[in-house]
Amino acid sequence: MDPEHASVREPRASRASHREIADELRSRIGSGALRPGQRMPTQAELAEEFGVERGAVRQALDILHAERLLTGVSKGSPARVAEGAWPGWSAAPPQPTVVGLGPRVAAAFAAPEVRIDALCLTSVSLTLAVGEQLRLIHAGELKPAKIDVRVLLPSHRIELAFPTPVDPVHAGDGGLLHERWLAVRNAQGLVLRQNLLALRTTHGIDVRLTFRALPFTPPVKLYLLNEAEALFAYYTLGRHEQREFGGEPLQLYDADGTRSMLFAFGPGAGTRDAGTRDSGSREAEARDAAFVAESRRWFDALWETISSDLELT
């Protein structure tokens, strides 16, 4: 057999789920066993190796394609490892949230049970990313059995750290900025709630969506996907101009959350044949797993202690 097409593991006797197959192939890419530009084994070869039907292999490849680890995923020819794939779990360089969040959420929705925890300023990016997956559900291309989403947003009762006027002389305009932020927060939250909860009646999916309010302005955004991956970005402030305040431009400090650079972290726990990977790869996976676990603890602590009920009106 041409070594370019060869699998790098012996066939397995036990059947694996599509997520386990994706985890294993991701590990091979991270360790360098499958190199950027290299052709993957055929779907038939992978199905034989993992003891599954080709449908499970296609689902696994779709996950890795959504994560931008594979290119050319189709029924006609074997996929290739993406040229930009990085070693380790975080297989792509950080990207603006509006670009990077969608593929990660798509990979999360490939699971039968979807769990998303989010801490953000308005939920604009999350609503956009989830919207594409809802389109696929309505098109019959996806049907998770359960979707559970928890969102932490700033309370409307607090004075936001940003957006805020640059000049203290215009401090009174901060109230108008707050009203506009609140309108965006509520509108995006209502769209997310309406679209997700509609899946109960239209597709019989078990959906749960809960919002809680934070007593502070978050300086970072965090997305936890299926309790296995953490996506993290800083809200980096800059000086902006708002022209709709009485005809006079208002200088303000604000952050564009959709452009915040998103870093992805995932666990090394649960991957098989760990002894075949080099120590650097294992250490990177261990660091990612620790970051995900600590991020989950941090989110849960905020959710269970200082957050409060949030009403979207």
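Shown above is the structure to which this text applies.
What counts and how
Residues numbered from 1 in each chain as written. Predicted model: local features only at pLDDT ≥ 70, side-chain atom pairs only at ≥ 80, totals over all residues. Heavy atoms only, no water. Helix = DSSP H or I, 4+ residues; strand = E, 2+ residues; numbered from the N terminus. Buried < 20%, exposed > 50% of the residue type's maximum accessible area, 1.4 Å probe, protein only. Contact = heavy atoms within 4.5 Å. Areas by Shrake-Rupley, 256 points an atom, 1.4 Å probe, with all protein chains shown as cover. Pairing = 2+ DSSP bridges. Right-handed = clockwise from strand over helix to strand, strands pointing away. Salt bridge = Lys/Arg side-chain N within 4 Å of Asp/Glu carboxyl O.

Participant: Tell me what's going on with the overall build of the protein chain, and back it up with residues and numbers.
Facilitator: For the protein chain, the helix and strand inventory stands at seven helices and 13 strands. Across the 313 residues in the protein chain, those meeting the buried criterion constitute 46%. Within the protein chain, contacts between residues at least 6 apart in sequence are counted, and of these 74% link residues at least 24 apart. For the protein chain, the accessible area works out to roughly 15,100 Å², and carbon and sulfur atoms hold 52% of it.

Participant: So what's going on with the pairing of strand E4 (residues 113–119)? Residues and values would help.
Facilitator: In terms of residue burial, E4 counts as a mostly covered element, since five of its seven residues are buried. Where E4 lies against strand E5 (residues 146–154), seven bridges are found, and the strand directions are parallel. Looking at E5, one finds that Leu119 is bridged to Leu152. Regarding topology, helix H5 (residues 124–138) serves as the crossover connection from E4 to the parallel E5, and that connection is right-handed. Looking at chain direction, E4 and strand E8 (residues 220–225) are connected through four bridges and run antiparallel. Across the sheet, the residue bridging to Ile116 is Leu225, located in E8.

Participant: Could you give an account of the pattern of salt bridges, naming the residues involved and the relevant values?
Facilitator: Summed over the entire model, instances satisfying the criterion amount to ten salt bridges. Arg150 is the partner of Asp300 in a salt bridge, and the nearest nitrogen-oxygen pair spans 2.7 Å. Of this pair, Asp300 sits in helix H7 (residues 279–304) while Arg150 sits in strand E5, and the two are 150 residues apart along the sequence. The exposure class assigned to Arg150 is buried, which follows from its relative accessible area of 11%. Its salt-bridge partner being Arg259, residue Asp256 comes within 3.3 Å of it at the nearest N-O pair. Take Asp256: its relative accessible area is 33%, and that puts it in the partly exposed class. Of the residues examined, Arg259 reaches a relative accessible area of 62% and is grouped as exposed. Here the salt bridges do not stand alone but share partners, grouping Arg115, Asp117, Arg150, Glu227, Arg296 and Asp300 into one network.

None of this, on its own, says anything about what the molecule does.
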